[in-house]
Each structure stands twice: as C-alpha cells, then as structure tokens.
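# An overview of the molecular structure
For reference, the chains in residue letters:
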Amino acid sequence: MNFAIFLPPQVDTKKSLPVLYWLSGLTCTEQNFITKSGAQKYAAVHGIILVAPDTSPRGCDIEGEDEAYDFGSGAGFYVNATEEKWKTNYRMFSYITEELPALLAANFPVDIGRQSVFGHSMGGHGALICMLKNPGKYRSVSAFSPICNPSACPWGQKAFTGYLGDNREAWKEWDASELLKIYKGHDLDILVDQGKADNFLTAGQLLPDSLVAACASSGQKVKLRMQEDYDHSYFFIASFIEDHINYHAKYLKT
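Here the residue numbers are simple positions, counted from 1 along each chain's written sequence. Given that this is a predicted model, residues contribute local features only at a pLDDT of at least 70 and side-chain atom pairs are listed and counted only at 80 or more, while totals for whole chains, interfaces and linings are drawn from all residues. Only hydrogens and water are removed before side-chain values are computed, so all heavy atoms of the structure are retained for them.

### Observations regarding the nonpolar core
Throughout this description, the term nonpolar core refers to a set of buried Ala, Val, Leu, Ile, Met, Phe, Trp, Tyr and Cys residues connected via side-chain atoms within 4.5 Å. The rule is simple: take the accessible area with a 1.4 Å probe, protein chains only, and divide by the maximum for that residue type; under 20% is buried, over 50% is exposed, in between is partly exposed. Ranked by size, the top nonpolar core spans 54 residues in total, and within it Y21, F77, I96, F160, Y163 and L211 carry the most contacts. When residues in this core are grouped by element, the largest group, seven residues, is from helix 4 (residues 122-132). Contacts of F160, omitting those with residues within four sequence positions, involve F77, V79, H125, P150, S151, G165, W171 and W174. Counting residues in hydrophobic clusters, the runner-up holds 23 residues, among them A4, C28, I34 and L252. Each helix is a run of DSSP H or I of at least 4 residues and each strand a run of E of at least 2, with the numbering of both proceeding from the N terminus. Note on definitions: a residue-residue contact is assigned when non-hydrogen atoms from the two residues lie within 4.5 Å.

Structure follows, in structure tokens:
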C-alpha cells in the first residue's frame, strides 16, 4: 500500500504533531489529493501532518479486480471484505484505522492521540465510518460530497454485495446513516460540503439528506453546506479545503 504524506515546517521542532487523514474517492491514488487540493499551505499554518493513503490494494492478482472503476482496484470502499475472494487483501478499514497509524508512529513525528479524518465521495463515506465505528479515536470528521447512505445507492450496493455479500443487515455496519442510528459515542460535530451541480447528487449516489436525518434522530450535529454551482471535482475541494483544515485545527490543537 502506498500513501502520501506532507510534513509541515514545524517538524523541525522535534515535537510530535497532529495528523489529519484524507481518504480519496473512486479511481484515485495517493497522489490526487496531494497534487490537486492545495491543502499543504493551510496545514503548514497549523502544524498539521497530512496523510493520504491509496484507495485500495493494487496488483493482488484477483480475478476481476481491474474490470470496473467502482469496484476492485481504486475502489476499496474502506470496508473489511468478508467475501472469500476479497477478504485477504481488501481490508481497507483495518489498514486505515490500525495498520497505517502504527506505521506512521514508528517512522514519523505524529501524535496518534491527536488524529482527525476527512475525505471525498467514497472517501467521505470512509471518513464517516472511521469516526462512527471508533468513538474517541479521531478528534473530528468532515467530508466533501460523501456517499452518505451506501446501502441505498448504486455505488454502495455494488461494492457491498461484492465485498460483504448479499446480507443487507451486514451492510449496516459499514453505512454512516445506519451507524448513526445506533451511535453511542461522544458528541459529534460533522462538517459536510456538497456541490449543488454535482451530477452524482442528482443521480442518487450521495444521499446527504439521509445523513442529516440520521444525525437529527440520534441528536448529533451536522453542518451540511450546499454550494451553488459546484460539481464533484477537485476544483470544488480546492475551493473549500481551507475551511476544512481550519475546522480540524480547532480540535487537533486542543
């Protein structure tokens, strides 16, 4: 597994610094965010380490892993697969929440006690479930155009069937809108940006209203900002990345 890392100038102080994980969307590698978002400038101001992992294992020689943009390579969906064909290699949730932090702690000046997570599209889904399934592990969570209710959208249904099987009850363990209904952790303050001109929004892939409804029913706070004329691209992310870095800095620097 590859990941990109940005070390701000404050690493020279020899102190451990907070870390902010970015989880990318379908087809992306570890390079998309680091190359296109412009986040480094704002992370440098706050002394935050940025880490952007790849979106799936690569080159596992699994039949069918490279046949579609929305399943297999570049589309790990941040779950731990249970289907026989995928369960050995496609354990992205464990990689993001356990293996990668341990690797970082052993090689970089990261303060694992101060972690936050955010992401885009499939990665927004990943960020949300990382927070919801690990209360207390992350200080904050935010997302751009997240897949909020994967059990109810075509992308999620395809991925969950392939990785998790046909049991829809098992899917709920990996669906942010379902997890919020049973969430028992600390109070959340979720920031979500969604472009109004996003074609995947109108196609029913993202379902932000499901997330808002789930937060309301569970008493959790979410701020959904619907951004006029913005689509699903990295131009959208770059336009509002400063707000998200500043949001996470509030929690990471306390």
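Back to the text.
### So, helix 3 (residues 92-107)
At any given residue, the bend is defined as the angle formed between two axes, one fitted to the seven residues that end at that position and one fitted to the seven that begin there. For helix 3, the principal kink sits at E99 and spans about 35°; a proline, P101, occurs within the next four residues. Looking at helix 3, one finds that the buried residues are M92, F93, S94, Y95, I96, T97, L100, P101 and L104. Buried residues along helix 3 sit against strand 1 (3-6), strand 2 (17-23), strand 3 (49-53), strand 4 (110-120) and helix 4.

### Focus on the side chain of H244
With respect to the helices, strands and loops of the structure, H244 is situated in helix 10 (residues 234-252). If near-sequence neighbours (up to four positions away) are discounted, H244 is found in contact with F118, S142, A143, F144, L191 and D193.

### Focus on helix 9 (residues 208-218)
Since one α-helical turn is 3.6 residues long, residues separated by three or four positions face the same way. Along helix 9, the residues classified as buried are P208, L211, A214 and C215. Projected down its long axis, helix 9 carries its buried residues within an arc of 120°, all on one side. More than 90 degrees from the buried face of helix 9, the exposed residues found are D209, A216 and S217. Here the buried face of helix 9 lies against helix 4, helix 7 (176-179), strand 6 (189-195), helix 8 (199-202) and strand 7 (221-227). This arc corresponds to the set of directions leading from the helix axis out to the C-beta atoms.

### Some remarks on the pattern of salt bridges
One side-chain nitrogen of Lys or Arg within 4 Å of one carboxyl oxygen of Asp or Glu is enough to make a salt bridge. Considering all chains together, one arrives at ten salt bridges under this definition. Between E178 and K181 there is a salt bridge, with the nearest N and O atoms lying 3.4 Å from each other. Taking the shortest distance from any N to any O, the salt bridge between K221 and D189 comes out at 3.9 Å. Of the two residues, K221 is situated in strand 7 and D189 in strand 6; the sequence distance between them amounts to 32 residues. Classification of K221 as exposed rests on a relative accessible area of 52%. Taken together, the shared-partner salt bridges in this structure form one network comprising D193, R225 and D243.

### As for the sheet that holds strand 7
Pairs of strands are assigned from DSSP output, requiring at least two bridges between the strands. Reading across the sheet, the seven strands line up as 1-3-2-4-5-6-7 and stay open at both edges, with mixed pairing between neighbours. In this open sheet, the two edge strands, each paired with only one partner strand, are strand 1 and strand 7. Here the average twist between neighbouring strands, direction ignored, is 20°. Both strand 1 and strand 3 contribute to a ladder of four bridges, which runs antiparallel. Looking at strand 3, one finds that I5 is bridged to V51. Most of the contacts of helix 9 go to strand 7, to which it runs at about 155°, and overall it touches strand 6 and strand 7. In this analysis an axis means a line fitted to C-alpha atoms, helices contributing only their contacting stretch, and an angle means the value between N-to-C directions, from 0 to 180 degrees. Across the sheet, helix 10 is in contact with strand 2, strand 3, strand 4, strand 5 (141-144), strand 6 and strand 7; its angle to strand 5 comes to roughly 175°.

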